[in-house]
Each structure stands twice: as C-alpha cells, then as structure tokens.
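Tertiary structure, described
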Amino acid sequence: MSVDDINLLAIISAVVCVGIAGGFSLMLLVLPRQPALWAWSISLWLGAAAVSMIYFMDDVSGSSLLPWFGLLTLLGAVLLLKGTALYTDKPLPAWKPLLVMGGFLLVTGLDLVWIQTGVVSMMVFSMATVVLNGWVALMLLRNTPPELRLSHRVAGTVFILLALTAVPGLIPMPEDAPAAEVEQSDRVQLVMTCFNLVLAMAQCFALMLLLVERMLVQLHERATRDGLTGLLNRASLINSGLEALAGGDKPFAVLIVDLDHFKQVNDTWGHLSGDAVLRHFAAAARQVVGTRPHMLGRYGGEEFVLMLPGAQADEAMQVAAQLVGAARDANVQVSAGILKYTVSVGVSHAASGATLEQLLAWADAALYRAKAAGRNRACGADALTEQEHAGSEAIASA
C-alpha cells in the first residue's frame with residue numbers, strides 16, 4: 001500500500017474509533033452511577049487515542065511513538081478488564097493486569113535500547129493483547145447468570161475474536177522477505193484493519209448489550225419482586241398461581257402465613273426491627289421450601305403465601321409445620337438485642353378443580369382457626385374444603 005493509502009486508512013480508523021467512544025460515552029448521561037460504564041468508556045477513548053497515533057507513525061515497527069501506542073492500547077484493555085470485573089462483581093487483584101503491562105514496558109524498553117527493531121515489542125504487545133482480551137472473554141463466559149446468558153455469550157464471543165486477531169502479530173515478517181510476500185502482507189493488513197474496525201463496533205454494541213440486558217432484568221425484578229424481602233409481590237404471585245392452575249388437573253396446595261403479633265414487634269422494637277423479621281422469615285421460608293416446585297411471595301404486610309403445585313395434603317402440612325418450627329427457633333439479631341417471633345399458618349389443598357380464589361379463601365379460614373387456637377401453629381382446611389364443596393353441590397342441585 002502507498003503512504004497515502006495508509007494515511008487514509010489511519011484517518012478512517014481514528015474517526016470510527018472516536019465516534020464509537022463518543023457514542024458509547026453518551027450513556028453516562030443517563031447512567032452516571034455505573035462504575036463499569038465509566039471504566040469501559042475511558043477504555044474506548046484510550047483505544048481511540050492509540051489508533052489516532054497511527055497517522056503520525058512513518059513506520060509502526062520502528063516509530064518512537066510505538067511504546068506510547070502500546071501503552072495506551074494495553075491501558076485501555078486493562079480498564080476494559082477492570083470494568084468487566086466490576087460488572088460481574090468479581091474481584092480483580094490490581095497486580096495481575098499490571099504485571100502484563102509491566103512485562104510489555106520492560107521488553108519494549110530493552111528492545112528500544114539494545115535490539116532497536118521494534119519486532120520483539122510488537123510480539124509482546126500482541127501477546128499481551130491476546131491475554132487481556134481472552135481474560136475478559138473468560139470472565140464473561142465463566143460468570144453467566146441464567147437471565148443474562150445471551151449478552152454474556154455474545155460479548156464473550158466478540159472478545160475471543162478480538163484476541164484471535166492479535167495472534168498473527170506473534171509471527172513477525174522477516175526483514176528479507178520477498179516483495180511478493182510484503183505485498184501479500186499489505187493486503188492482509190488492509191483486510192485485518194477493516195475487520196478490526198468491525199470488531200471495534202461489535203465490542204461497543206456488546207458492552208451496550210451487557211448493560212441493557214442487565215437493566216431489563218433489574219426492571220423485571222422490581223416489577224415482580226417485593227423490595228424488602230426479594231420474594232414475589234402480590235400481583236406476580238397471583239399470576240403465577242393462575243398459570244400453574246391452568247396447566248391441568250393436578251394437586252395444588254396453598255399456605256397462608258401470618259407473623260403473630262407483628263404490630264407489637266413494630267411498636268416495641270421499631271419498624272427497622274420489624275423489617276429484619278420479615279427478611280428473616282423470607283430467607284427461612286426459602287430454605288424450608290428448597291428445590292421443590294413452588295411460588296413464594298409476600299401477600300401484604302406481615303402475610304406471606306406459599307403455593308405448592310403438585311403437592312399432596314400431607315406434604316403441604318409437613319411444609320407448614322417446618323415453617324412454624326423455623327420461626328419458633330429463630331433468633332433475629334436487631335440493634336436492641338435478640339428478637340424472637342412465631343407464625344401461624346393456614347393450609348388448603350385440592351386434588352383438582354378448585355380455583356385459586358377458593359384455595360386462598362380456604363387457607364385464610366384455616367389461618368383464622370390457627371390464630372383462634374393460640375397461634376404458633378398450622379391448621380389445615382380439609383374440613384372447610386369438604387363443606388365448601390358440599391355447599392356448591394347443594395346450590396347446583398337447587
């Protein structure tokens with residue numbers, strides 16, 4: 001390629017990279033409190049600055065700007081890695097990426113002083129680029145929450161490709177290479193430059209996809225989860241129960257749990273202590289339910305509902321007894337000391353044909369029976385269920 005072609009390609013590359021960095025940084029206007037976004041934005045600007053330096057290099061392999069080009073590029077890659085660590089909530093010891101950069105700077109310094117060809121520096125730079133981009137890909141692919149699987153896999157694939165594009169730099173071109181090979185190398189360089197620009201845009205969009213998908217998941221969580229306990233909120237709980245019942249005729253159990261004398265807890269210990277009790281019971285209920293199919297949610301105030309699709313009556317009563325025991329044995333640490341609490345549970349069950357409204361009504365009636373019997377216990381609604389069915393049949397026959 002001629003000098004003019006190289007200069008034109010360098011200008012185009014610089015303009016594209018600056019545009020990518022500027023466009024991505026605009027997200028900071030609406031997401032200013034995202035540490036990962038700050039790190040990624042600075043990384044893209046450092047990469048754009050490094051690409052812009054190519055225009056001023058007469059010969060990349062021997063230019064005095066080469067160390068600065070490599071330093072900016074690798075510093076951008078380190079910030080990209082740091083941002084990914086912040087995004088995935090995985091600790092990243094500072095000495096590990098700095099060791100990679102330190103190795104590059106050491107070899108570059110020795111190359112400039114003694115060897116004075118730049119070939120070794122380019123090889124070490126390519127190796128560091130492979131390591132850092134591969135590191136980002138590994139971090140994303142190894143820490144993949146199920147709800148973020150798509151964005152992590154897409155971004156991981158992009159960074160694997162970025163690492164692979166640096167592999168040819170590990171094989172230097174011999175100084176006495178024939179002209180035909182040099183011309184062929186120029187064509188390969190042109191193709192690789194265009195491909196790298198495409199990957200730069202893909203990297204930008206992959207990072208945006210990571211942020212957008214996580215925000216969508218967070219919005220969905222806020223719309224369907226109770227903010228205090230992390231359980232399903234009332235609307236999501238009802239919708240999930242209706243969907244489960246619509247799946248066909250199968251056993252279905254509903255448990256309504258009420259924290260005993262919860263108003264006294266708030267009045268005596270304070271609302272923060274009451275919140276601690278609610279969170280404690282939510283965690284205890286999750287542990288009791290375990291991996292069995294269920295829908296667990298906060299129904300309102302100090303009342304919780306647990307739905308067990310496919311559960312038989314004896315299994316539902318067993319779970320209810322475990323919930324009562326877990327609450328009775330609890331010691332909740334609050335600012336004023338140790339707080340103890342109990343719960344009452346009403347259980348309803350139907351083999352088939354019952355509506356969710358009926359099951360909730362039967363469980364609620366059983367809960368009142370448990371409270372009337374002295375609280376700190378579970379009561380089933382079998383007798384109430386039979387009476388309800390009998391009443392329905394009588395009305396139908398009349």
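Everything numeric here is computed off the predicted structure, so don't read it as measured data.

Moving on, we get to the overall build of the protein. Secondary structure summary: the protein contains 13 helices and 7 strands in total. Relative to its full complement of 398 residues, the protein shows a buried share of 42%. Looking at the protein alone, contacts between residues at least 24 apart form 68% of all its contacts between residues at least 6 apart. Looking at the protein as shown, the accessible area adds up to about 20,700 Å², and 63% of this sits on carbon and sulfur atoms.

This next bit is on the packing of helix α10 (residues 271–289) against helix α11 (residues 313–328). Put simply, α10 and α11 touch, their axes get as near as 10 Å, and they point 140° apart. Considered as vectors, α10 and α11 are oriented oblique to each other. The crossing of α10 and α11 is right-handed. Along the contact surface, α10 presents Phe281, Ala284, Ala285 and Val288, while α11 presents Val319, Gln322, Leu323 and Ala326. Its residues assigned to classes, the contact of α10 with α11 comprises 7 nonpolar, 1 polar and no charged.

On to the packing of aromatic side chains, then. Enumeration according to the criterion identifies 4 aromatic pairs in this entry. Above the ring of Tyr299, the side-chain terminus of Arg234 is found at 3.9 Å from the ring centroid.

Once that is clear, we can look at helix α2 (residues 35–53). Two residues of an α-helix separated by three or four positions point the same way, owing to the 3.6 residues in each turn. If you check α2, its first and last C-alpha atoms are 28 Å apart, about what 19 residues at 1.5 Å a residue would give, namely 27 Å. All of the buried residues along α2 are Ala36, Leu37, Ala39, Trp40, Ser41, Ser43, Leu44, Leu46, Ala48, Ala50, Val51 and Met53.

What follows deals with the environment of Ala316. Tracing the chain through its elements places Ala316 in helix α11. For Ala316 and Leu255, which are 61 residues apart along the polypeptide, the C-alpha to C-alpha distance reads 7.7 Å. Residue contacts for Ala316: discarding those within four places in its chain leaves Ala253, Leu255, Leu308 and Val347.

Thresholds applied
Residue numbers here run from 1 along each chain, matching the order of that chain's written sequence. Where local features are concerned, this predicted model is filtered to residues with pLDDT of at least 70; where side-chain atom pairs are given and counted, the filter is 80 or more; whole-chain, interface and lining totals use all residues. Each side-chain value is worked out from all heavy atoms of the structure, with water and hydrogens disregarded. Each helix is a run of H or I in the DSSP string that is no shorter than four residues. Each strand is a run of E no shorter than two, and both are numbered from the N terminus. To sort residues, take the accessible area from a 1.4 Å probe on protein chains only and compare it with the maximum for the residue type: under 20% means buried, over 50% means exposed, and anything in between is partly exposed. We call two residues in contact whenever any of their non-hydrogen atoms come within 4.5 Å of each other. Methods summary: accessible areas were calculated by the Shrake-Rupley approach with a probe of 1.4 Å, and residue burial reflects only the protein chains presented. Axes here refer to lines fitted to C-alpha atoms; in helices the fit is confined to the stretch in contact. Angles between the N-to-C directions go from 0 to 180 degrees. Note on terminology: angles under 35 degrees are roughly parallel, angles over 145 are roughly antiparallel, angles of 65 to 115 are roughly perpendicular, and the others are oblique. Each helix crossing is assigned a hand: it is left-handed if the near helix lies turned anticlockwise from the far helix by less than a right angle, otherwise right-handed if that turn is clockwise. By the convention adopted, Pro, Cys, Tyr, Trp, Phe, Met, Ile, Leu, Val and Ala count as nonpolar, Lys, Arg, Asp and Glu as charged, and the other residues, Gly among them, as polar. When the centres of two rings from Phe, Tyr and Trp lie within 6.5 Å, Trp using its six-membered ring, the rings pair. Their planes under 30 degrees apart give stacked, over 60 give edge-to-face, and anything left gives tilted. We count a charge as sitting over a ring when the NZ of a lysine or the CZ of an arginine lies within 6 Å of the ring centre and within 35 degrees of the ring normal. Here the expected length of a helix is defined as 1.5 Å per residue gap, with one fewer gap than residues.

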